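Coordinates in review
Now for the letters of each chain:
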Amino acid sequence: MLNIIIFGAPGSGKGTQSENLIEKYGLEHISTGDVLRDEIKQGTELGKTAAQYIEKGQLVPDELIINILASVFDSKKSAKGVIFDGFPRTIPQAQALKMMLAERDTQIDAVIALEVDDKELIERLLNRGKVSGRSDDNLETIQNRLQVYHSQTAPLIEYYKTEGLYSPVKGTGSIDDIFARIKKVIATL
Ligand code: ADP
């Protein structure tokens with residue numbers, strides 16, 4: 001399998017570039033944000049709990065997300081590979097992912113990190129908020145999400161550097177230019 005983590009702050013373009021990766025390499029997509037929004041829509045217990053965190057721009061507790069991840073992964077495991085989008089977001093999530101994949105005789109092959117500065121992220125998310133209808137795309141929640149990213153998620157940069165998997169990519173410019181940079185990274189795998 002070719003398993004890739006698409007990594008970056010909220011608004012860095014993970015979802016957009018995931019779509020490109022799916023089309024080009026025939027990979028399956030696991031977006032934990034989409035999984036959670038789906039649970040909310042269906043009104044499940046998990047969805048109800050998750051909504052309380054998402055609306056404040058906080059992370060959903062690790063154990064909730066880790067618990068559903070294995071079953072989501074297993075539903076896609078016959079695929080050529082999987083793109084993890086929005087997961088992991090904390091060190092415990094990264095450790096759980098590593099163990100879950102090892103139990104299935106597979107692993108993460110690369111962490112592609114989209115680098116975009118906060119000023120541009122805020123602009124992008126405010127613009128997305130005008131059309132997305134997402135309750136978390138408003139200024140106050142966006143600022144919380146960026147703070148959470150820097151304190152809880154950014155430590156994964158060092159973690160994946162140590163694992164030898166970290167591949168930074170400049171996340172600004174046209175969508176095609178950014179995807180060209182990503183393809184270059186994948187060509188080295
Ligand atoms: P973005 O990357 O733009 O913040 P996502 O759709 O990936 O958007 O996530 C939206 C929200 O869902 C997050 O702010 C967080 O509350 C919750 N969430 C998504 N993935 C995770 C995760 N792996 N761990 C904890 N919370 C998560």
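As the structure is a computational prediction, the values presented were derived from the model and not from experiment.

Across its full length, the protein carries nine helices and five strands. Relative to the compact-globule value of 16 Å for 189 residues, the protein shows a C-alpha radius of gyration of 16 Å, a close match. Its C-alpha atoms put the protein at 40 × 40 × 30 Å along the principal axes. Counting all 189 residues of the protein, 46% fall into the buried class. Counting contacts in the protein only where the partners sit at least 6 residues apart, residues at least 24 apart contribute 76% of the total. Counting every atom, the protein has about 9,700 Å² of accessible surface; 49% of that belongs to carbon and sulfur.

The biggest cluster of nonpolar side chains holds 38 residues, and the ones touching the most others in it are Ile5, Phe7, Phe84, Leu97, Ile108, Val111 and Tyr160. Other than its neighbours up to four places away in sequence, Val111 contacts Ile5, Phe7, Tyr160, Leu165, Tyr166 and Ser167. Core analysis: the second largest hydrophobic core is formed by 14 residues, Tyr25, Ile112, Leu114 and Ile178 among them.

Our focus in this paragraph is the packing of helix H2 (residues 32–42) against helix H3 (residues 45–54). Running from amino to carboxyl end, H2 crosses H3 at an angle of 120 degrees, the nearest separation of the two axes being 7 Å. The angle between H2 and H3 falls in the class oblique. Judged by the sense of rotation from one axis to the other, the crossing of H2 with H3 is left-handed. Contacts between H2 and H3 pair Leu36, Glu39 and Ile40 from the former with Leu46, Gly47, Ala50, Ala51 and Ile54 from the latter. The class makeup of the residues in the contact of H2 with H3 is six nonpolar, one polar and one charged.

Attention now moves to the site of the ligand. By nearness alone, 19 residues border the ligand, and Thr32, Arg37, Gln58, Arg89 and Gln93 come closest of all. Here Arg37 contributes a side-chain N or O atom positioned 2.8 Å from an oxygen atom of the ligand. Gln58 is positioned with one of its backbone polar atoms (N or O) 2.6 Å from an oxygen atom of the ligand. Coverage of the ligand by the protein amounts to 96% of the 540 Å² it exposes when considered alone. Of the residues forming the shell around the ligand, the biggest block, four residues, is contributed by H2.

A separate point is the side chain of Asp85. Looking at the element boundaries, Asp85 is found in strand E3 (residues 82–85). The side chain of Asp85 sits in the buried core without any salt bridge; Lys14 is the nearest counter-charge, 4.9 Å away. Filtering out sequence-adjacent residues up to four positions away, Asp85 remains in contact with Ile6, Lys14, Gly15, Ser18, His29, Ile30, Ser31 and Thr32.

Take the packing of aromatic side chains next. Throughout the structure, instances matching the rule amount to three aromatic pairs. Their ring planes at 15 degrees and their centres at 6.1 Å tell us that Phe73 and Phe84 sit as a pair that is stacked. Of the two residues, Phe73 is situated in helix H4 (residues 62–74) and Phe84 in strand E3; the sequence distance between them amounts to eleven residues. Exposure remark for Phe73: the relative accessible area of 0% places this residue in the buried category. Seen from their ring centres, Tyr159 and Tyr160 are 4.9 Å apart, and the 90 degrees between their planes marks the pair as edge-to-face. Using a relative accessible area of 15% as the deciding quantity, one classes Tyr159 as buried. Of note, Lys24 hangs over the ring of Tyr25, and the distance from its end group to the ring centre comes to 5.8 Å.

Rules and cut-offs
- All chains use their own residue numbering, which begins from 1 and follows the written sequence.
- Under the rules for a predicted model, residues below a pLDDT of 70 receive no local features and side-chain atom pairs below 80 are neither given nor counted, while totals for whole chains, interfaces and linings still include all residues.
- With hydrogens and water set aside, each side-chain value is computed from the structure's full complement of heavy atoms.
- Secondary structure elements follow DSSP: runs of H or I no shorter than four residues count as helices, runs of E no shorter than two count as strands, and numbering proceeds from the N terminus.
- Computation of the radius of gyration draws on C-alpha atoms, with the globule rule given as 2.2 Å multiplied by the number of residues to the power 0.38.
- Note on classification: 1.4 Å probe, protein chains only; a residue is buried when its accessible area is under 20% of the maximum for its type, exposed when over 50%, partly exposed between these limits.
- Contacts are residue-level and defined by heavy atoms, with any inter-residue pair within 4.5 Å sufficient.
- Every accessible area reported is derived by Shrake-Rupley at a probe size of 1.4 Å, with residue values counting cover from the shown protein chains alone.
- Definition used in this section: a nonpolar core is a set of buried Ala, Val, Leu, Ile, Met, Phe, Trp, Tyr and Cys residues joined via side-chain atoms within 4.5 Å.
- Lines fitted to the C-alpha atoms define the axes, with helices restricted to the stretch that makes contact. Angles between their N-to-C directions range from 0 to 180 degrees.
- Any angle that falls under 35 degrees is termed roughly parallel, while one over 145 is termed roughly antiparallel, one within 65 to 115 roughly perpendicular, and all others oblique.
- Here a crossing is called left-handed whenever its near helix is offset anticlockwise from the far helix by less than a right angle, and right-handed whenever the offset is clockwise.
- Amino acid classes used here: Ala, Val, Leu, Ile, Met, Phe, Trp, Tyr, Cys and Pro are nonpolar; Asp, Glu, Lys and Arg are charged; the rest, including Gly, are polar.
- Consider each residue's heavy atoms; a residue with any of them within 4 Å of a molecule or strand counts as near.
- Pairing of N or O atoms within 3.5 Å defines a polar contact, subject to two protein rules: one partner must be a possible hydrogen donor and the other a possible acceptor, and residues neighboring in sequence count only if both atoms are side-chain atoms.
- In this tally, Lys and Arg are treated as positive and Asp and Glu as negative; His is ignored, and so are the chain termini.
- When a carboxyl oxygen of Asp or Glu lies within 4 Å of a side-chain nitrogen of Lys or Arg, that pair is called a salt bridge.
- For this analysis, a ring pair means two rings from Phe, Tyr or Trp (six-membered ring only for Trp) whose centres lie within 6.5 Å, classed as stacked if their planes differ by under 30 degrees, edge-to-face if by over 60, and tilted for the remaining angles.
- For a ring to carry a charge above it, either NZ of a lysine or CZ of an arginine must fall within 6 Å of the ring centroid while also lying within 35 degrees of the normal to the ring plane.

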